[in-house]
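Take a look at the letters that make up each chain.
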Amino acid sequence: MANSGGGSAEYITHHLTDWCAGCTADHKPGGLVDFSVFTLDLIIVGLVCAAIVALFSLFVRKRLTAEEPGALQAVVEAGVEYVSDQVGQVFHKRNDFVGALAVAIFLWVSLMNLADIIPVDLVPGVLGGIGHLFGADHVFFRIVPTAALDTPFAMALVVFVVMVYYQFRANGPGGYAKRFLTHPYGKWAAPANILTTFIDDVSKPVSLALRLFGNMFAGELIFALLAMLTLSALAPPSGMVAVWAPLHFLGGFIWSVFHLLIVFLQAFIFAVLSIVYLGMATQTDDH
Amino acid sequence: MVAITGTLFVQILVFLALVFFIKKVLWGPINQTIDERRKKISEGLAAAERGRMELDEAVKKAEARMAEAQEESRELLANAQRQANDTLDKARADARVEGERIVNAAREEIDQAVASAKEDLRREVGELAVAGAERILKREIDAKAHNDIIDDIVAEIR
């Protein structure tokens, strides 16, 4: 642990601080939005997860056979067919881009979420130890990209751009403008319509991103809080460690099992809602 | 901490790259494989259906051919039977005709023989009568002069 100060607030803060390039002296971005900052740890984990997904895809493709599919191919085919069905239900025809988008979201998000199951102090602890050998007193490394805002919003923005493109393609520029002006309160309430439709559109990517971020951030925080049970008994060493440490491990186990569900559920929700939002965007408005 | 940073753009690029990679490497090939298998299965089912129909047709054809052959053999057998009967009847008729012919010929021959024997007998009787009369008259009867008488006698004997 690079955490030498001891206080619980400092421990939590340490766990929520990125290894970043372009941060201020206290390892923080300049504000809520600061595009000159790059959180290197999340980029690295994101790339590793994407690489694993890519290698997995190559591995599956290499063994594809129409005649006698193995267990792996059967599972992947079932997943692809499920997504195909969802896309077909919403679009009423085949849409390979949206299908691939949903599969990419599910696989990438699942893997990034799964990093949350790795014990909270393992990676920062190991990297901190390595950092100490090279003379760095504090090594910051978060390993759950989806527990930060950037990655969920990156995917949500892509979905949003495609959504707007589909709305344009389905309704034409005139139809797109008309929807803003007359939907949903009729043509005499244009200002209210513009505001409502804008909120309606923007709330979709925002809710997509914040739902994933919130779940994963909370999950990470609870693991850190559970770890503090033991730490609180160790900071000034006391006999209470015999009570808190088992509780820490029991709580950690229960939360891991529950979180495993959330990991895949959130990835699934993000993927399916993306399909639904994109499908809604292709429907021509006849209100 | 919680903030939107330049990482956003990096993750957008990574995500887009991943989407297109998956579309090309996972989504496309898997769907192609599924379609291929679907096509193969439907082709197999169609082939099975076709095969069953062909089999039905072949069985029907074979049955028809068998019935035809049976009919043909029955006909052939009947023909042979009829021919044999005909031959037998003809042979029987021929034999009867031949027998009758032989019997008739024999009867005729017998009749002829009887007639000629009668003739011979008559002549001899006539001659004997003439000889007897000669002897009775102790003189020669001019055979030529009395030929008509002799003939009369001969005719009478008959």
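Small disclaimer: the values here were computed from a predicted structure and weren't measured.

Thresholds, definitions, all that
- Residues numbered from 1 in each chain as written.
- Chains lettered and ligands numbered in written order.
- Predicted model: local features only at pLDDT ≥ 70, side-chain atom pairs only at ≥ 80, totals over all residues.
- Heavy atoms only, no water.
- Helix = DSSP H or I, 4+ residues; strand = E, 2+ residues; numbered from the N terminus.
- Rg over C-alpha atoms; globule rule 2.2 N^0.38 Å.
- Buried < 20%, exposed > 50% of the residue type's maximum accessible area, 1.4 Å probe, protein only.
- Areas by Shrake-Rupley, 256 points an atom, 1.4 Å probe, with all protein chains shown as cover.
- Lys, Arg positive; Asp, Glu negative; His and termini not counted.
- Charge placed at Lys NZ, Arg CZ, Asp CG, Glu CD.
- Core = buried A, V, L, I, M, F, W, Y, C linked by side-chain atoms within 4.5 Å.
- Expected span 1.5 Å × (residues − 1).
- Bend = angle between axes of the 7 residues up to and from the residue.
- Salt bridge = Lys/Arg side-chain N within 4 Å of Asp/Glu carboxyl O.
- Disulfide = S-S within 2.5 Å.
- Contact = heavy atoms within 4.5 Å.
- Buried area = accessible area lost by both parts, 1.4 Å probe.
- Polar contact = N/O pair within 3.5 Å; in protein donor to acceptor, adjacent residues only side chain to side chain.
- Phe/Tyr/Trp six-rings, centres within 6.5 Å; stacked < 30°, edge-to-face > 60°.
- pLDDT = per-residue confidence, 0-100.

What about the overall build of chain B?
- Within chain B one finds 2 helices and 1 strand.
- Secondary structure elements of chain B occur, N-terminal to C-terminal, as β-α-α.
- Computed over C-alpha atoms, the radius of gyration of chain B comes to 61 Å, more than 25% over the 15 Å expected from 2.2 N^0.38 for 158 residues, which places it beyond the range of a compact globule.
- The principal-axis extents of the C-alpha atoms in chain B amount to approximately 195 × 20 × 15 Å.
- Within chain B, the proportion of its 158 residues that are buried is 18%.
- Carbon and sulfur atoms form 58% of the exposed surface of chain B, whose accessible area is close to 12300 Å².
- Across chain B, the mean location of the 26 positive side-chain charges is 15 Å away from that of the 31 negative side-chain charges.

Points about the nonpolar core
- Of all hydrophobic cores here, the largest spans 75 residues; its most connected members are A:Leu101, A:Ile105, A:Trp108, A:Leu278 and B:Phe15.
- Breaking this core down by element, the ones donating at least two residues are α1 (8-15), α2 (40-62), α3 (71-91), α4 (96-114), α6 (150-182), α7 (190-234) and α8 (241-282) of chain A together with α1 (7-137) of chain B.

Considerations on α7(A)
- The terminal C-alpha atoms of α7(A) lie 63 Å apart, and with 45 residues this matches the ideal 66 Å at 1.5 Å per residue to within 8%.
- Approximately 30 degrees is the largest bend angle found in α7(A), and it occurs at A:Ser203, with the proline A:Pro205 only one to four residues beyond.

Description of the pattern of salt bridges
- If you walk through the whole model with that rule in mind, you get 16 salt bridges over all chains.
- When the shortest N-O distance is used, the salt bridge between B:Arg37 and A:Glu77 registers 2.8 Å. One end of the pair, B:Arg37, is in helix α1; the other, A:Glu77, is in helix α3, on a second chain.
- By relative accessible area, which is 6% here, A:Glu77 ends up buried.
- In this structure, A:Glu81 and B:Arg38 form a salt bridge, with 2.8 Å as the shortest nitrogen-oxygen distance. Within this pair, whereas A:Glu81 is found in helix α3, its partner B:Arg38 is found in helix α1, the two belonging to separate chains.
- A relative accessible area of 29% means that A:Glu81 is categorised as partly exposed.
- The partly exposed category is assigned to B:Arg38, whose relative accessible area is 48%.
- Salt bridges sharing common partners tie together A:Glu81, A:Arg94, A:Asp96, B:Asp35 and B:Arg38.

Concerning the state of the cysteines
Residues and elements named next belong to chain A.
- Using the criterion set out here, one finds 1 disulfide over all chains in the structure.
- Disulfide pairing is shown between Cys-20 and Cys-23; the S-S distance is 1.7 Å.
- The class of Cys-20 is buried, set by a relative accessible area of 17%.
- Considering cysteine sulfurs only, Cys-20 is the nearest to Cys-49, which forms no disulfide, with 20 Å between them.

Focus on the interface of chain B and chain A
- Counting residues at the interface gives 34 residues for chain B and 58 residues for chain A.
- Carbon and sulfur atoms make up 75% of the area that chain B and chain A hide from each other, which totals about 4300 Å².
- Summed over the shared surface of chain B and chain A, the result is 12 residue pairs in polar contact (both at pLDDT 80 or more).
- Where the side of chain B that touches chain A is concerned, the elements lending two or more residues are β1 (4-5) and α1 of chain B.
- With 28 residues, α1(B) is the single largest residue contributor to the side of chain B that touches chain A.

So, the packing of aromatic side chains
Residue and element names in this part refer to chain A.
- Enumeration over the complete set of coordinates arrives at 12 aromatic pairs over all chains.
- Ring centres of Phe-213 and Phe-217 lie 5.3 Å apart, and the angle between their planes is 35 degrees; on these two criteria the pair is classed as tilted. Of this pair, Phe-213 and Phe-217 both sit in helix α7, separated by 4 residues, roughly a single helical turn.
- Three or more aromatic residues joined by ring pairs make a cluster, and in this case those are Phe-91, Tyr-165 and Tyr-166.

Let's talk about the confidence of the model for chain A
- Residues with a pLDDT of 70 or more make up 97% of chain A, whose mean pLDDT is 87.
- Across residues 1-5 of chain A the pLDDT falls below 50, and counting only partners more than four positions away or on other chains, this stretch makes 11 contacts in the model.

Focus: the environment of A:Gly251
All names here are of chain A.
- Mapped onto the secondary structure, Gly-251 falls in helix α8.
- Residue Gly-251 is classed as buried on the basis of its relative accessible area of 18%.
- In sequence terms Gly-251 and Trp-19 are 232 residues apart; their C-alpha atoms lie 28 Å from each other.

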